[in-house]
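Take a look at the letters that make up each chain.
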Amino acid sequence: MSRVYNFSAGPACLPEEVLKEAADEMLDYQGSGMSVMEMSHRSKTYDNIIKEAEADLRDLMNIPDDYAVLFLQGGAWTQFSAIPMNLMKNGVADYIVTGQWAKKAWQEASKYGKANKIASSEDETFSYIPDCSDLPIDDDADYVYICENNTIYGTKFWQLPNTKGKILVSDVSSCFLSEPVDVTKYGVIYGGVQKNIGPAGVTIVIIRKDLIRDDLPDFVPTLLKYKTQADAGSLFNTPPAYGIYICGKVFKWLKKQGGLAEMKKRNEEKAKILYDFLDSSKLFKGTVRKEDRSLMNVPFVTGNDELDAKFVAEAKAAGLESLKGHRSVGGMRASIYNAMPKAGVEKLVEFMKKFEEENS
Ligand SMILES: *Cc1c(COP(=O)(O)O)cnc(C)c1O
């Protein structure tokens, strides 16, 4: 067996310990005689798995009792629709568009109501986070929406926008559990887990309970109403059962590492290694305004498409996988989520130095 350093933006690398544990339990989960994959989601054993996963997540993020935790399917994309359907009362929401994901969320919301684009960084290929200290928040806005870490462009909101009292809704798909958060600052925190938590197929929604309504219009599909799954403990229909089980293992792994404060420290350390090199390199350069840099996704370019392609190919041959940038930015992108060890980032920088020497 030989494992590579996987810099994929998502689905992405998972902690090796978790994968090994899952492998050990594959055929016989704790004496049940079956795999979690084969188990009824109505069984006592599975009920313990999902309840424990929720309890551990609550513990890790310090989620207050007046917030519900939902384990859903459909990816972050489905939430682009669910959010306006559930939260628009006045039919108005304000969107801060800092990348493709926020833009898609804004476009989806426009189908249900008046979705205002109140700020954007599209003028400079989303390479920065706009000033959000005094935005023209609509008096009638039901919420203000952000994508907190922009996976494709490598930017991060280091300061939450001033929503002037409106509820904040945040897509944290690619920075979920990368650092401590103050849940009380949000109405909804949500994300697909396949970036920084677990396998594709699970979407976690953390929502303040008073925002879960039972007076939604009839056209809202049953499974897109938060109330449906909140009332059923995420077991209204078959949940993404195996994925939730793996997420639960990752939560335990994170707790064992020292929790989110420790992850933040490690993530800062790892990102610094890469950004310091980018800042000193004559060949490679980061594409993001320094103060808005993400700790999770690091895009960089040489400025020469052929050289970029050569880099990606040679890196792959050296066991550094999936470094090709998103098609809308080009160049390279290293996603260095929680599960990427420091040694992986060090090896990448070492490789970049060697490549720079050989190609300049
Ligand atoms: C990947 C990603 C999405 C889309 O997620 P799906 O699960 O594929 O729907 C949305 N938002 C962000 C920030 C992402 O990184």
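Keep in mind that what you see is a predicted model, and the values were worked out from it rather than measured.

1. A short note on the site of the ligand
The immediate surroundings of the ligand are formed by Gly75, Ala76, Trp77, Phe80, Trp101, Cys147, Asn149, Thr151, Asp171, Ser173, Gln194 and Lys195. One of the backbone nitrogen or oxygen atoms of Trp77 is found 3.0 Å away from an oxygen atom of the ligand. The side chain of Thr151 places a nitrogen or oxygen atom 2.4 Å from an oxygen atom of the ligand. In isolation the ligand offers 380 Å² of accessible surface; the protein chains occlude 87% of this area. If you tally residues by element for the shell around the ligand, the top one is helix 3 (residues 75–87), at 4 residues. A breakdown of the residues in the shell around the ligand according to their chemical character gives 5 nonpolar, 5 polar and 2 charged.

2. Observations concerning the nonpolar core
Ranked by size, the top nonpolar core spans 86 residues in total, and within it Met61, Leu177, Ile204, Ile206, Phe251, Phe284 and Phe311 carry the most contacts. Broken down by element, this core gets its largest block of residues, 10 residues, from helix 6 (residues 241–257). Sequence-distant contacts of Met61, defined by excluding residues within four places in its chain, comprise Phe176, Leu177, Val181, Val183, Ile189, Ile206 and Leu260. Formed by 33 residues, the second largest nonpolar core is a distinct cluster that contains Ala68, Ala105, Val188 and Ile207.

3. Some words on empty space enclosed by the protein
Summed over all chains, the structure comprises 3 cavities of 30 Å³ or more. If you add up the space inside the largest cavity, you get close to 70 Å³. As for the largest cavity, its lining consists of Met61, Glu148, Val172, Cys175, Phe176, Leu177, Glu179, Val181, Ile189 and Leu260. The residue makeup of the lining of the largest cavity, split by class, is 8 nonpolar, no polar and 2 charged.

4. A word on the packing of aromatic side chains
What describes a pair of aromatic rings is the distance from one ring centre to the other and the angle between the planes of the rings. Throughout the structure, instances matching the rule amount to 15 aromatic pairs. Between the aromatic rings of Phe300 and Phe311, the centroid separation amounts to 6.1 Å while the plane-to-plane angle is 80 degrees, which identifies the pairing as edge-to-face. Of this pair, Phe300 sits in strand 12 (residues 297–301) while Phe311 is found in helix 8 (residues 305–317), placing the two residues 11 residues apart along the sequence. The class of Phe311 is buried, set by a relative accessible area of 0%. Each residue in the set Phe277, Phe284, Phe300, Phe311, Phe351 and Phe355 is aromatic and connected to the rest through ring pairs, giving one cluster. In this arrangement the basic side chain of Lys156 is found over the ring face of Trp158, its NZ or CZ atom lying 3.9 Å from the centre.

5. What about the packing of helix 3 against helix 4 (residues 100–109)?
Two quantities define a packed helix pair, namely the angle between the axes and the distance from one axis to the other. Two numbers describe how helix 3 lies on helix 4: the axes approach to 8 Å, and their chain directions differ by 45 degrees. As the angle between them shows, helix 3 and helix 4 are arranged oblique. Seen from above, helix 3 lies across helix 4 with right-handed handedness. Across the interface between the two elements, Trp77, Phe80, Ser81 and Pro84 from helix 3 touch Trp101, Lys104, Ala105, Glu108 and Ala109 from helix 4.

6. Digging into the sheet that holds strand 8 (residues 168–171)
The mixed open sheet is built from 7 strands, whose spatial order is 2-10-9-8-5-3-4. In this open sheet, the two strands that pair with only one neighbour each are strand 2 (67–72) and strand 4 (114–120). Each strand of the sheet is rotated relative to its neighbour by a mean of 20 degrees, with strand direction disregarded. Two strands pair when backbone bridges link them, and strand 3 (residues 92–97) and strand 4 are joined in this way by 6 bridges, in the parallel orientation.

7. Side note on the pairing of strand 2
Across the 6 residues that make up strand 2, a large majority, 6, are buried. Neither face of strand 2 is left uncovered, since the one carrying Tyr67, Val69 and Phe71 and the one carrying Ala68, Leu70 and Leu72 both have all their residues buried. Here strand 2 pairs with strand 10 (residues 203–208) via 6 bridges, running antiparallel. Paired with Leu70 across the strands is Val205, a residue of strand 10.

What counts and how
- Residues numbered from 1 in each chain as written.
- Predicted model: local features only at pLDDT ≥ 70, side-chain atom pairs only at ≥ 80, totals over all residues.
- Heavy atoms only, no water.
- Near = heavy atom within 4 Å.
- Polar contact = N/O pair within 3.5 Å; in protein donor to acceptor, adjacent residues only side chain to side chain.
- Areas by Shrake-Rupley, 256 points an atom, 1.4 Å probe, with all protein chains shown as cover.
- Helix = DSSP H or I, 4+ residues; strand = E, 2+ residues; numbered from the N terminus.
- Nonpolar A, V, L, I, M, F, W, Y, C, P; charged D, E, K, R; others polar.
- Core = buried A, V, L, I, M, F, W, Y, C linked by side-chain atoms within 4.5 Å.
- Buried < 20%, exposed > 50% of the residue type's maximum accessible area, 1.4 Å probe, protein only.
- Contact = heavy atoms within 4.5 Å.
- 1 Å grid on protein atoms, 1.4 Å probe; cavity = no way out; pocket = protein on both sides within 12 Å on 5 of 7 lines; lining within 4 Å.
- Points joined across faces, edges and corners; volume = space filled by probe spheres on them.
- Phe/Tyr/Trp six-rings, centres within 6.5 Å; stacked < 30°, edge-to-face > 60°.
- Lys NZ or Arg CZ within 6 Å of the ring centre and 35° of its normal.
- Axes fitted to C-alpha atoms, helices over the stretch in contact; angles between N-to-C directions.
- Parallel < 35°, antiparallel > 145°, perpendicular 65-115°, else oblique.
- Left-handed = near helix turned anticlockwise from the far one by under 90°.
- Pairing = 2+ DSSP bridges.

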